[in-house]
Number of protein chains: 2
Amino acid sequence: MSKKLTKREEDYSKWYNELVVKADLADNSGVRGCMVIKPYGYAIWEKIQAELDRMFKETGHVNAYFPLFIPKSYLSKEAAHVEGFAKECAVVTHYRLKNAEDGNGIIVDPEAKLEEELIVRPTSETIIWDTYKKWIQSYRDLPILVNQWANVVRWEMRTRLFLRTAEFLWQEGHTAHATRKEAVAEAEQMMNIYAEFAENFMAVPVIKGLKTESERFAGAEETYCIEALMQDGKALQAGTSHFLGQNFAKAFDVKFTNKEGGQDYVWATSWGVSTRLMGALIMTHSDDNGLVLPPKLAPIQVVIVPIYKGDEQLETISERVQPLLKELRAKGISVKYDDRDTYKPGWKFNEYELKGVPVRLAVGQRDMENGTYEVARRDTLEKETVSAGNIVSKIESLLEDIQKNIYKKALDYRTSHITKVDSFEEFKGLLETKGGFFAAHWDGTAETEEKIKELTKATIRCIPLDFKEEKGVCMFSGKPSKGRVLFAKAY
Amino acid sequence: MSKKLTKREEDYSKWYNELVVKADLADNSGVRGCMVIKPYGYAIWEKIQAELDRMFKETGHVNAYFPLFIPKSYLSKEAAHVEGFAKECAVVTHYRLKNAEDGNGIIVDPEAKLEEELIVRPTSETIIWDTYKKWIQSYRDLPILVNQWANVVRWEMRTRLFLRTAEFLWQEGHTAHATRKEAVAEAEQMMNIYAEFAENFMAVPVIKGLKTESERFAGAEETYCIEALMQDGKALQAGTSHFLGQNFAKAFDVKFTNKEGGQDYVWATSWGVSTRLMGALIMTHSDDNGLVLPPKLAPIQVVIVPIYKGDEQLETISERVQPLLKELRAKGISVKYDDRDTYKPGWKFNEYELKGVPVRLAVGQRDMENGTYEVARRDTLEKETVSAGNIVSKIESLLEDIQKNIYKKALDYRTSHITKVDSFEEFKGLLETKGGFFAAHWDGTAETEEKIKELTKATIRCIPLDFKEEKGVCMFSGKPSKGRVLFAKAY
């Protein structure tokens, strides 16, 4: 398989698909819409998981595990929720196969029909609130701050690796509180944690905001979100945190005795990020040569490639490299020494460029003589020669610098792609020619929102948290507006 | 809910169920046969995961993720495999619900029927080997050493928390090799890793062995296993590692070009342990007061309970405890200071005994005056008074000692419960009165094995790896036998 990628400006979507497969991140499987996450892709996901899990635990959350299956009747208990998820779910109806009577293969055993169908969880609010009913009696049992790492299934018709798959991996936090205020604060806290993670680890700048009513989670009173901007000018929702009010507590009859001895319904939040983050990571930083990874999430941070002829020369190089490997590992830097003789140095350079390894060292005969390494950084593709004595501190500063640099690059791109528009014509034009976010006045109605979506495919990504009151008129309807919201086409 | 448990000798099975629920490890859910793993139970599972994951990676394995669903036709490709799993599987037949036309609730949409039914994975050999076909062309692509942490579903009719549930969590390793020898070595290596983990971390002694043909994994040529012995004299299979020969490579047509340029089928292994380990952990060590946990897997290793009257006294105690907490945490010891005023010290003592916290410190007025702590160890329930100056080293040595002591206790029990028997009458009698493993001669036929199972419910747990040739006659059939195998009743 050729390692060459389609160029982004030729076909961004094709470039993305090729990159995901060729960089060994994921691949399509034999099951419609379900992906295989390959070891290199999964190693990045494990790093994402580890950091988020740490952040969740530092803020008092604990992990638990709830059933994969949701009885059909549970899903129906919250009206908006079932409306949102019933149309695209995997339904288990039988619990046995048997040999066909005509001897032709194996069939579903009609006698093994379930009394009640089970839905493969698209999200776990219902099964979890059915459980919380058993856990919560008194204010002393609150808050409950639980998270779950799990797989979920939504029967999407058009799927794309990481961005939209029938099955995906995610975490879903589900918390229970004694007061509205506490629950709102939790939902906001988790949005902030997601934003911090996106910016500091993924190097992806995000805009924090609120979803409009029509874009809210099915069953939520308020949905907080973080929105990122991809290189092709399309937005990507990178995480959501929902204030659920008392909707699920009422649907599952979860009350608690408050300090005054009265009975109250419990207040709830839920929040999640998924393997979609992999898509955001890839599309924010990568280039026509392949992946560009932030050092904080790169499975391999440094690769060292020896350039040699014959075993003897390799041995001399290896002797020099061994102490360096040891020193870097002792500093917690993950480094790979690729001395395979089955591939040439040029092939390896391309391979690690494709895979986004942040720093590449090469060492050949001349470097041995001069006591140097050739150092290349993946983000800018710049090379320099560094003396062996300075190599460790050079690597350390490069890793920090790459992390900062790719963030800054993404931030600059985004800053130059938030455009104020005041007329619908201007909006439509720039949406096609420039892309990005558009700060525009909106009259606050779902009707206008829907119309704009129909005509342009753009949606309101969020009402930014730093929303400023500014009198104006809706760019579409001309009706009065209180301030600007952010429109964009989105993944 | 009363925290008192049924006594083990009264009703072992009832004791187990109560303990699992009351110690907050897991609970039944609203979905038949599926459990909720509660935060305290999940915290133990996370420690199990972390250690195993480290051991897998140290031996060159990487993680990946494969689809939850398996097309029905895949399952059928390996004859023994489908025979083993088709009778108890969850089958997805539809991908949408809709509102009933009579307005009465929500129903499965008959128009959203899948062309081919999907099985919720009971194990992933088939979907993985379908994928490996794409990954493997040449000997250079081998070995593949992949592990997956996942949920699986087997539609068991009689379920028990952790021991047998319709859905459970596990890891499944799936490796591909160029030679039979390499694959056999891998299967043996993983059995050894499981044994090392069981003994060094869970403090559960295990016997390594081979399964007989009738007890083998569906599709394996050889199944290696580790067998543990519970306090009630029943065995528990704690982990299995399968040498799969070329069965799955042939079923999915996975060949590779060898070094000589010829085409060979790939050799395979698979291996797994599951949340069943939680059952083994609980039943090996716990007592009538609750859980006993090995310090290496205890989420809380040390708890400190202040005994005080009034805020002022609590403050003095807390001031003394803070530096100790800091010192213990710096040493990587997980410690909880429970200064809640909503519960009395006696209630807390019972609570932490029930939850198996290895070391408990109490500090009251007299301890403050004398500069001491009262230290209690969970395994023996012994208490002593220790001066503040020695408390850290005391805790360290206690944690080590408890880990060793509970292992030794379990080993002593097992040693005294491996009984040599030579007649079937003796076997039947001791099986009921004493329990444990029975080393007996067997004629090597599946027929005899089946008969013994019918008559006694005991099965051959394994042919121990240290099997010694010893001429004898089968205790049941009187036919010649080459050596003793291990029988037991099992979970």
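What you see is a predicted model, and the numbers here were worked out from it, not measured in a lab. (Residues numbered from 1 in each chain as written. Chains lettered and ligands numbered in written order. Predicted model: local features only at pLDDT ≥ 70, side-chain atom pairs only at ≥ 80, totals over all residues. Heavy atoms only, no water.)

Moving on, we come to the relation of the copies chain A and chain B. Superposition of the two copies of the chain requires a rotation about an axis and a shift along the axis. Relative to chain B, chain A is turned by 180° and slid 0.0 Å along the rotation axis, the superposed coordinates differing by an RMSD of 0.0 Å. Classification of the inter-copy transformation places it as that of a two-fold axis. Of every C-alpha in chain A, the one belonging to Val92(A) sits nearest the axis of rotation, 2.1 Å from it. A high fraction, 100%, of the interface residues of chain A reappear at the interface in chain B, so the copies pair face to face through one surface. (Least-squares fit on C-alpha atoms with pLDDT ≥ 70 in both. Contact = heavy atoms within 4.5 Å.)

In this section: empty space enclosed by the protein. Scanning all chains against the criterion turns up 2 cavities of 30 Å³ or more. Taken as a whole, the largest cavity encloses approximately 40 Å³ of empty space. Contributing to the lining of the largest cavity are Leu52(A), Tyr194(A), Phe197(A), Ala198(A), Ile226(A), Ala238(A), Val273(A) and Leu277(A). In terms of residue count, helix α6 (residues 180-200) of chain A provides more of the lining of the largest cavity than any other element does, 3 residues in total. Residue composition of the lining of the largest cavity, grouped by class: 8 nonpolar, no polar and no charged. Contributing to the lining of the second largest cavity are Leu52(B), Tyr194(B), Phe197(B), Ala198(B), Ile226(B), Ala238(B), Val273(B) and Leu277(B). Looking at the lining of the second largest cavity, the element that brings in the most residues is helix α6 (residues 180-200) of chain B, giving 3 residues. Looking at side-chain class alone, the lining of the second largest cavity contains 8 nonpolar, no polar and no charged residues. (1 Å grid on protein atoms, 1.4 Å probe; cavity = no way out; pocket = protein on both sides within 12 Å on 5 of 7 lines; lining within 4 Å. Points joined across faces, edges and corners; volume = space filled by probe spheres on them. Helix = DSSP H or I, 4+ residues; strand = E, 2+ residues; numbered from the N terminus. Nonpolar A, V, L, I, M, F, W, Y, C, P; charged D, E, K, R; others polar.)

In this section: the packing of aromatic side chains. For any pair of aromatic rings, the description rests on two quantities: the centre-to-centre distance and the angle between the ring planes. Residues and elements named next belong to chain B. By the definition in use, this model includes 44 aromatic pairs over all chains. With centroids separated by 4.9 Å and ring planes inclined at 40°, the aromatic side chains of Tyr-12 and Trp-15 adopt a geometry described as tilted. Of this pair, Tyr-12 and Trp-15 both sit in helix α1 (residues 12-22), separated by 3 residues, roughly a single helical turn. Accessibility classification places Tyr-12 together with Trp-15 in one group, the buried group. For the ring pair Phe-243 and Trp-267, a centre distance of 6.1 Å and an interplane angle of 10° mean the geometry is stacked. (Phe/Tyr/Trp six-rings, centres within 6.5 Å; stacked < 30°, edge-to-face > 60°. Buried < 20%, exposed > 50% of the residue type's maximum accessible area, 1.4 Å probe, protein only.)

Opposite the 65 residues of chain A that make contact, chain B presents 65 residues. Counting the surface lost from both chain A and chain B, the interface buries some 5,100 Å², and carbon and sulfur atoms represent 66% of this. Across the chain A-chain B interface, the total number found is 4 salt bridges. Note that Asp27(A) and Lys134(B) form a salt bridge whose closest N and O atoms lie 3.4 Å from each other. Taken together, the connections running from chain A to chain B amount to 30 residue pairs in polar contact (both at pLDDT 80 or more). The residue makeup of the side of chain A that touches chain B, split by class, is 40 nonpolar, 10 polar and 15 charged. (Buried area = accessible area lost by both parts, 1.4 Å probe. Salt bridge = Lys/Arg side-chain N within 4 Å of Asp/Glu carboxyl O. Polar contact = N/O pair within 3.5 Å; in protein donor to acceptor, adjacent residues only side chain to side chain.)

Packed helices, taken two at a time, are described by the angle their axes make and the gap between the axes. Residues and elements named next belong to chain A. Put simply, helix α1 (residues 12-22) and helix α8 (residues 276-285) touch, their axes get as near as 11 Å, and they point 115° apart. Relative to α8, α1 is oriented so that their crossing is right-handed. Along its contact with α1, which presents Tyr-12, Trp-15, Tyr-16, Leu-19 and Val-20, the element α8 presents Gly-279, Ile-282 and Met-283. Partitioning the contact of α1 with α8 into residue classes produces 7 nonpolar, 1 polar and no charged. (Axes fitted to C-alpha atoms, helices over the stretch in contact; angles between N-to-C directions. Left-handed = near helix turned anticlockwise from the far one by under 90°.)

Time to look at the side chain of Ser124(A). Residue and element names in this part refer to chain A. Mapping Ser-124 onto the fold places it in the loop between β8 (113-120) and α5 (125-135). The exposure class assigned to Ser-124 is buried, which follows from its relative accessible area of 0%. In contact with Ser-124, not counting residues within four places along its chain, are Ile-70, Gln-148, Glu-172 and His-174.

On to the UniProt feature "domain: Aminoacyl-transfer RNA synthetases class-II family profile" (unreviewed entry) in chain A, then. If you check UniProt for "domain: Aminoacyl-transfer RNA synthetases class-II family profile" (unreviewed entry), the listed places come out as residues 39-294 of chain A in our numbering. Measuring from the first to the last C-alpha atom of residues 39-294 of chain A gives 18 Å, for a span that is 30% helix and 32% strand. (UniProt positions renumbered as here; feature names shortened; annotations may be inferred.)

Turning our attention to α1(A). Looking only at α1(A), the buried set comprises Tyr12(A), Trp15(A), Tyr16(A), Glu18(A), Leu19(A), Val20(A) and Lys22(A). After α1(A) finishes, the residue Asp24(A) shows a positive phi value of roughly 65°.

Now for the pattern of salt bridges. Summed over all chains, the structure comprises 64 salt bridges over all chains. The residue Asp287(A) makes a salt bridge to Arg378(A) at a minimum N-O spacing of 2.7 Å. Of this pair, Asp287(A) sits in the loop between α8 and β17 (302-306) while Arg378(A) sits in the loop between β20 (372-377) and β21 (383-387); the two residues are 91 residues apart in sequence, bridging distant segments of the chain. The exposure class assigned to Arg378(A) is buried, which follows from its relative accessible area of 4%. Salt-bridge contacts for Lys355(B) lead to Glu351(B); the nearest nitrogen and oxygen are separated by 3.3 Å. Using a relative accessible area of 13% as the deciding quantity, one classes Lys355(B) as buried. Three or more residues joined by partner-sharing salt bridges are found here, namely Asp24(A), Lys38(A), Glu351(A) and Lys355(A).

Time to look at the sheet that holds strand β20 (residues 372-377) of chain B. Residue and element names in this part refer to chain B. What the 5 strands build is an open sheet, ordered β18-β17-β19-β20-β21; its pairing is mixed. Only two strands of the sheet have a single partner each, and these edge strands are β18 (335-337) and β21 (383-387). When the angles between neighbouring strand axes are averaged without regard to direction, this sheet yields 25°. Judged from the 4 bridges that link them, strand β19 (residues 359-363) and β20 form a sheet pairing that is antiparallel. Bridged to Arg-360 within β20 is Ala-376. The sheet contacts of helix α9 (residues 310-330) involve β17 (302-306), β18, β19 and β20, and relative to β18 the element is tilted by about 170°. Against the sheet, helix α12 (residues 391-415) makes contact with β17, β19, β20 and β21, and its axis sits at roughly 5° relative to β20, the strand it touches most. (Pairing = 2+ DSSP bridges.)

Residue and element names in this part refer to chain A. Positionally, Ile-226 belongs in strand β12 (residues 222-229). Residue class for Ile-226 comes out buried when judged on its relative accessible area of 2%. Distance in space between the C-alpha atoms of Ile-226 and Glu-46 is 21 Å, their sequence separation being 180 residues.

Quick look at the pairing of strand β27 (residues 484-488) of chain B now. Within a regular strand, the side chains alternate between the two sheet faces. All names here are of chain B. Where burial is concerned, most of β27 is hidden: 5 out of the 5 residues are buried. Here β27 shows no split at all, with Arg-484, Leu-486 and Ala-488 on one side and Val-485 and Phe-487 on the other all buried. Pairing geometry for strand β23 (residues 437-441) and β27, over 4 bridges, is antiparallel. Residue pairing across strands places Ala-440 opposite Val-485, the latter belonging to β27.

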